[in-house]
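Geometric and topological summary
Spelled out from the first residue to the last, the chains are:
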Amino acid sequence: MPLEIEDISILKNAAIVAPAGHGKTEIIATVSGVGKRALILTHTHAGVHAIRERLKRRGIPHACVAVDTIAGWSMRYAHAFPRVSQPSDGMPQSSQQWNQLYLGVTQALRVSAVREVVSASYDRIMIDEYQDCNGLQHDLAVALSSIVPTLIFGDPMQGIFEFAGASLSWESDIYPKFPFATNLETPHRWVQKNPLLGEWIAETREKLMHGESIDLADPRIHYHQCNNAFDMAAFFEGIDEKEGSFAAIHCNKQICYKLAKAASGGYQAIEELAAKRLRDFASVWDQAIDAKGGKLCAIKKLFSDCFKTASGNNVNDFNGIKHIMEVERNLDVYNEADAAHRLMMDIRKYADWKIYRAELWRDAERAVAEVAAGRAENMMQACDIIRQRISVSGRRLPKRTVSTPLLLKGLEFDHVVIPDASHFMRESQAQAKLFYVAISRATQSLTISAPERWLKLNTPIK
């Protein structure tokens with residue numbers, strides 16, 4: 001039987017299992033208002049932003065609760081007690097340095113003076129998205145729970161970071177340290193929008209947990225038979241009658257880029273947090289010897305990855321447009337970054353080119369502007385500035401997004417499309433979990449395409 005808020009607020013060390021859309025963030029916000037000061041830890045800046053927004057909505061003062069990422073909080077404590085923690089200088093860059101950060105902070109939490117600081121600072125700790133914790137983060141949480149009562153919130157079926165070491169067993173690793181307290185059972189995400197969809201997702205979660213087959217032709221969702229992910233009917237059928245946000249979800253990021261291109265920008269691809277393509281642009285720019293050769297080449301290559309043109313994405317298409325050619329010639333006459341910035345803005349305005357990676361182009365444009373204004377010494381530094389801003393403030397998603405479960409986890413959309421669901425069967429890890437994360441993003445409608453109506457995925461690690 002699920003516990004009430006009053007019961008949860010007096011728990012000591014405990015685990016709360018929270019399926020997607022079942023009111024976890026609301027409970028965290030409510031419990032944080034009980035007592036003098038709570039610490040809420042999560043994994044991403046987007047998660048921090050979401051929790052802070054919920055606290056603000058509930059009128060809980062900043063003085064009553066601190067919200068941070070596990071990494072950010074660990075960085076502060078490691079550098080506050082460097083002799084025992086021995087952190088690397090600045091932000092950790094390698095997995096070894098991140099491991100040392102968590103090991104060092106856990107070691108510091110065994111020192112009586114540090115324990116007294118934590119005990120005096122907080123009377124309740126809550127850790128969100130616990131299924132994404134690796135072994136060292138788990139050890140850190142256990143150390144904290146020995147000082148201050150700690151609640152953890154998570155869902156075994158949303159643990160899709162197995163490839164990154166987040167493979168803790170709830171039965172053998174987590175529950176012995178944080179005893180199971182309750183399972184959230186009310187599907188708040190769907191109650192007012194589409195209760196039947198919420199019902200199907202909850203039933204599917206149970207089937208996935210036990211390795212059972214899923215009927216994609218269930219009348220509570222929309223099934224579209226197709227032979228591959230690039231059948232655009234699933235993306236656009238009936239779209240004019242639907243309002244709100246849309247997401248198409250595929251596990252392969254390169255396929256996501258190709259789907260956005262095939263949709264002619266009707267869906268926008270969003271970028272991975274590591275921003276590899278943006279950094280590649282910066283690297284080519286910084287290493288270029290001359291403006292019109294290397295730097296213009298960097299822009300053209302970026303253009304070919306962001307725009308679909310009438311002639312099939314030929315990067316030479318803009319060479320015949322007089323105004324753009326004039327700006328292009330200025331690359332080696334005036335401030336080359338300033339000229340490049342004007343060139344990139346003009347390219348975006350040209351109606352015959354359909355942009356499908358708008359986030360990437362916009363971030364590159366902003367990075368070029370940073371260099372042009374002298375706020376960054378080189379393009380790589382400028383790109384780091386731009387991505388740091390986004391990590392803190394959060395990204396603003398387009399109305400129609402195409403991306404992976406990894407990037408969309410924690411978000412929700414009015415309408416979700418799963419192109420060729422059979423591709424989940426080809427994932428080497430977390431097949432069922434990735435599928436559950438994908439389908440549970442939808443609040444109003446869910447469309448799934450696949451060659452066959454029945455889908456059977458590997459039984460997940462529990």
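Just above sits the structure.
First, a word on what this report is: a plain description of the structure on this page. (Residues numbered from 1 in each chain as written. Predicted model: local features only at pLDDT ≥ 70, side-chain atom pairs only at ≥ 80, totals over all residues. Heavy atoms only, no water.)

1. What to know about the packing of aromatic side chains
Formally: Each aromatic pair joins two rings of Phe, Tyr and Trp (for Trp, the six-membered one) with centres within 6.5 Å, and gets the label stacked for planes under 30 degrees apart, edge-to-face for over 60, and tilted for any other angle. Helix and strand definitions here come from DSSP, where helices need a minimum of 4 consecutive H or I residues and strands a minimum of 2 consecutive E residues; each element is numbered from the N-terminal end. Burial status follows relative accessibility: with a 1.4 Å probe on protein chains alone, a residue under 20% of its type maximum counts as buried, one over 50% as exposed, and anything between as partly exposed.
Enumeration over the complete set of coordinates arrives at 13 aromatic pairs. For the ring pair Tyr-130 and Phe-178, a centre distance of 5.8 Å and an interplane angle of 65° mean the geometry is edge-to-face. Taken as a pair, Tyr-130 in the loop between β4 (124-127) and α8 (135-145) and Phe-178 in the loop between α9 (170-174) and β6 (180-183) lie far apart in primary sequence, 48 residues in all. For Phe-178, a relative accessible area of 0% gives the class buried.

2. Thoughts on the sheet that holds strand β1 (residues 14-17)
Spelled out, the test is: When DSSP finds two or more bridges between a pair of strands, those strands are recorded as paired. Fitted lines through C-alpha atoms give the axes, limited to the stretch in contact for helices. The angle between two N-to-C directions lies from 0 to 180 degrees.
Here we have 6 strands laid out as an open sheet, ordered β3-β2-β4-β5-β1-β6, and parallel in their pairing. Unpaired on one side and paired on the other, β3 (65-69) and β6 mark the two borders of the sheet. Taken pair by pair, the neighbouring strands of this sheet meet at an average axis angle of 20°, ignoring direction. Two elements, β1 and strand β5 (residues 150-154), share 4 bridges in a ladder whose sense is parallel. Within β5, the position partnered with Ile-16 by the bridge is Phe-153.

3. Focus: the pattern of salt bridges
Test applied: We count a salt bridge whenever a side-chain nitrogen from Lys or Arg sits within 4 Å of a carboxyl oxygen from Asp or Glu.
Following the criterion strictly, the structure yields 28 salt bridges and no others. Between Arg-54 and Glu-26 there is a salt bridge; the shortest N-O distance is 3.0 Å. Of this pair, Arg-54 sits in helix α3 (residues 45-57) while Glu-26 sits in helix α2 (residues 24-32), and the two are 28 residues apart along the sequence. As a salt-bridge pair, Glu-206 and Arg-205 come within 3.7 Å of each other at their nearest N and O atoms.

4. A word on α3
Short version of the rule: Helices are assigned an expected span. That span is 1.5 Å times one less than the residue count. Directions are taken from the helix axis to each C-beta atom, and the arc is the one they span. A contact between two residues is defined here by any heavy atoms of the two lying within 4.5 Å. A 3.5 Å cut-off defines polar contacts: any pair of N or O atoms within that distance qualifies, except that in protein one atom must be a possible hydrogen donor and the other a possible acceptor, and neighbouring residues in sequence count only when both atoms are side-chain atoms.
Compared with an ideal rise of 1.5 Å per residue, which puts 13 residues at 18 Å, α3 spans 18 Å between its outermost C-alpha atoms and is within 8% of the ideal. Residues of α3 that are buried: Gly-47, Val-48, Ile-51 and Leu-55. Each buried residue of α3 lies within a common arc of 100° when the element is viewed along its axis, so the set occupies one face. The exposed set on the far side of α3, more than 90 degrees from its buried face, consists of Lys-56 and Arg-57. The elements touched by buried residues of α3 are α2, β2 (38-42) and β3. The N-capping residue of α3, defined by a side-chain oxygen 2.9 Å from the backbone nitrogen of Gly-47, is Thr-44. Backbone geometry just after α3 places Gly-59 at a positive phi near 75°.

5. Structural notes on the nonpolar core
Here is the rule: We define the nonpolar core as a collection of buried residues of types Ala, Val, Leu, Ile, Met, Phe, Trp, Tyr and Cys that are connected through side-chain atoms lying within 4.5 Å of one another.
With 36 residues, the main nonpolar core has Ile-418, Ala-421, Phe-424, Phe-435, Leu-446 and Ile-448 as its most contacted residues. Of all the secondary-structure elements, those providing two or more residues to this core are α11 (195-209), β9 (246-249), β14 (413-418), α21 (431-439) and β15 (442-450). It is α21 that contributes the most residues to this core, 7 residues altogether. Setting aside residues no more than four positions away along its own chain, Ile-448 makes contact with Trp-200, Leu-216, Ile-221, His-222, Tyr-223, His-224, Ile-418, Ala-421, Phe-435 and Ile-439.

6. Topic: the packing of helix α17 (residues 336-349) against helix α18 (residues 358-372)
Counted only if it meets this: For classification purposes, angles smaller than 35 degrees are called roughly parallel, those larger than 145 roughly antiparallel, those between 65 and 115 roughly perpendicular, and all remaining angles oblique. By definition, any crossing whose near helix is turned counterclockwise from its far helix by less than a right angle is left-handed, and any crossing with a clockwise turn is right-handed. Residues were grouped as follows: Ala, Val, Leu, Ile, Met, Phe, Trp, Tyr, Cys and Pro as nonpolar; Asp, Glu, Lys and Arg as charged; and all remaining residues, including Gly, as polar.
At a minimum axis separation of 8 Å, α17 and α18 run at an interaxial angle of 155°. If you check the angle between α17 and α18, you find them roughly antiparallel. Seen along the crossing, α17 lies across α18 with a hand that is left-handed. Contacts from Ala-337, Asp-338, Ala-340, His-341, Met-344, Met-345, Ile-347 and Arg-348 in α17 reach Trp-361, Ala-364, Glu-365, Val-368, Ala-369, Val-371 and Ala-372 in α18. The residue makeup of the contact of α17 with α18, split by class, is 11 nonpolar, 1 polar and 3 charged.

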